[in-house]
Amino acid sequence: MSHAAAIQLVERLSDQAPLPQAGTVLQLPLAADQRTSLRGHRRSACGLDLLLQLPRGAALRPGERLATADGQIQVQVEAAAEPVMQVRSADPLALLQAAYHLGNRHVAMELHADRLVLLQDSVLADLLRQRGLAVELAELPFQPEAGAYEGLGHHHHGHHDHGHSHP
């Protein structure tokens with residue numbers, strides 16, 4: 001059984017970069033946490049083995065195109081559907097307070113005028129419901145806010161010690 005070599009993606013293209021000669025662009029659906037890793041094997045939407053070997057930098061953005069060294073193959077990053085919670089309230093202040101408390105816990109989230117979107121977590125769902133918020137489970141593309149350190153080479157790994165405690 002022979003395996004085709006992985007397609008090596010080594011370049012991030014600008015939004016104005018021309019499409020490849022063949023005009024075909026592969027799709028690469030990635031979860032939010034996968035978009036932060038610029039190296040390693042991934043699978044295109046059609047099942048091809050892709051090897052990301054990109055220079056350090058900001059997380060990949062949905063819509064961004066990646067290319068092989070010769071530019072003949074391009075891949076467009078997509079936000080994959082993930083299990084999320086949509087948090088809503090008729091009271092804008094209650095939603096703002098929830099965003100504050102979630103942010104204090106370093107929870108990745110999308111901010112919208114009418115809702116917060118975050119990855120499913122039963123403990124957080126219970127806390128939000130206790131605060132009187134409506135929590136709806138869904139499978140949607142997740143595009144959390146970049147955060148204060150995006151693009152600055154600072155990366156959280158789920159642990160921290162910065163002089164204060166979290167409830």
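Notes on the structure follow. All values reported here derive from a predicted model rather than from experimental measurement. (Residues numbered from 1 in each chain as written. Predicted model: local features only at pLDDT ≥ 70, side-chain atom pairs only at ≥ 80, totals over all residues. Heavy atoms only, no water.)

Turning to the side chain of Arg-35, a few remarks are in order. Locating Arg-35 in the fold gives a position in the loop between strand 3 (25-30) and strand 4 (39-43). Although Arg-35 is buried, it makes no salt bridge; Glu-82 carries the closest opposite charge, 4.7 Å away. At 2.6 Å, the side chain of Arg-35 and the backbone oxygen of Phe-142 are in polar contact. Residue contacts for Arg-35: discarding those within four places in its chain leaves Leu-30, Ala-59, Leu-60, Pro-62, Val-77, Glu-78, Ala-79, Ala-80, Phe-142, Gln-143 and Pro-144. (Helix = DSSP H or I, 4+ residues; strand = E, 2+ residues; numbered from the N terminus. Buried < 20%, exposed > 50% of the residue type's maximum accessible area, 1.4 Å probe, protein only. Lys, Arg positive; Asp, Glu negative; His and termini not counted. Salt bridge = Lys/Arg side-chain N within 4 Å of Asp/Glu carboxyl O. Polar contact = N/O pair within 3.5 Å; in protein donor to acceptor, adjacent residues only side chain to side chain. Contact = heavy atoms within 4.5 Å.)

Attention now moves to the pairing of strand 10 (residues 116-119). Looking at chain direction, strand 8 (residues 81-88) and strand 10 are connected through 4 bridges and run antiparallel. Bridged to Gln-86 within strand 10 is Val-117. Inspection of the sheet shows strand 9 (residues 109-111) paired to strand 10 by 3 bridges, in the antiparallel sense. Its bridge partner being in strand 10, Met-109 is matched across the sheet by Leu-118. Hairpin remark: strand 9 followed by strand 10, antiparallel, with 4 residues in the connecting loop. (Pairing = 2+ DSSP bridges.)

Scanning the model with the defined rule gives 6 salt bridges in all. A salt bridge links Glu-64 to Arg-12; the shortest N-O distance between them is 2.6 Å. Highlighted residues: Glu-64 in the loop between strand 5 (49-53) and strand 6 (65-67) and Arg-12 in strand 2 (residues 11-12), separated in sequence by 52 residues. By relative accessible area, Glu-64 is classed as buried at 4%. Of the residues examined, Arg-12 reaches a relative accessible area of 24% and is grouped as partly exposed. With its nearest N and O atoms 3.7 Å apart, the salt bridge here joins Arg-61 to Glu-64. Shared partners join several salt bridges into a network, and the residues in it are Arg-12, Asp-15, Arg-61 and Glu-64.

By the element assignment, Ala-125 lies in helix 2 (residues 122-130). By relative accessible area, Ala-125 is classed as buried at 4%. When the C-alpha positions of Ala-125 and Val-87 are compared, they lie 8.7 Å apart, and in sequence the two are 38 residues distant.

Turning next to the layout of surface pockets. Here the second largest pocket defines a volume of roughly 180 Å³. What lines the second largest pocket is a set of 10 residues, among which His-101, Leu-102, Arg-105, Leu-127 and Arg-131 lie closest to the centre. Listed by contribution, the elements that provide at least two residues to the lining of the second largest pocket are helix 1 (92-104) and helix 2. Sorting elements by how many residues they give to the lining of the second largest pocket places helix 1 first, with 4 residues. (1 Å grid on protein atoms, 1.4 Å probe; cavity = no way out; pocket = protein on both sides within 12 Å on 5 of 7 lines; lining within 4 Å. Points joined across faces, edges and corners; volume = space filled by probe spheres on them.)

On to the sheet that holds strand 5. Here we have 3 strands laid out as an open sheet, ordered 1-5-4, and mixed in their pairing. Strands at the two margins of the open sheet, each flanked by one partner only, are strand 1 (7-9) and strand 4. On average, each strand axis in the sheet is tilted by 25° relative to the strand beside it, whichever way the strands run. Bridging between strand 1 and strand 5 involves 3 bridges; their strand directions are parallel. Residue pairing across strands places Gln-8 opposite Leu-51, the latter belonging to strand 5. (Axes fitted to C-alpha atoms, helices over the stretch in contact; angles between N-to-C directions.)

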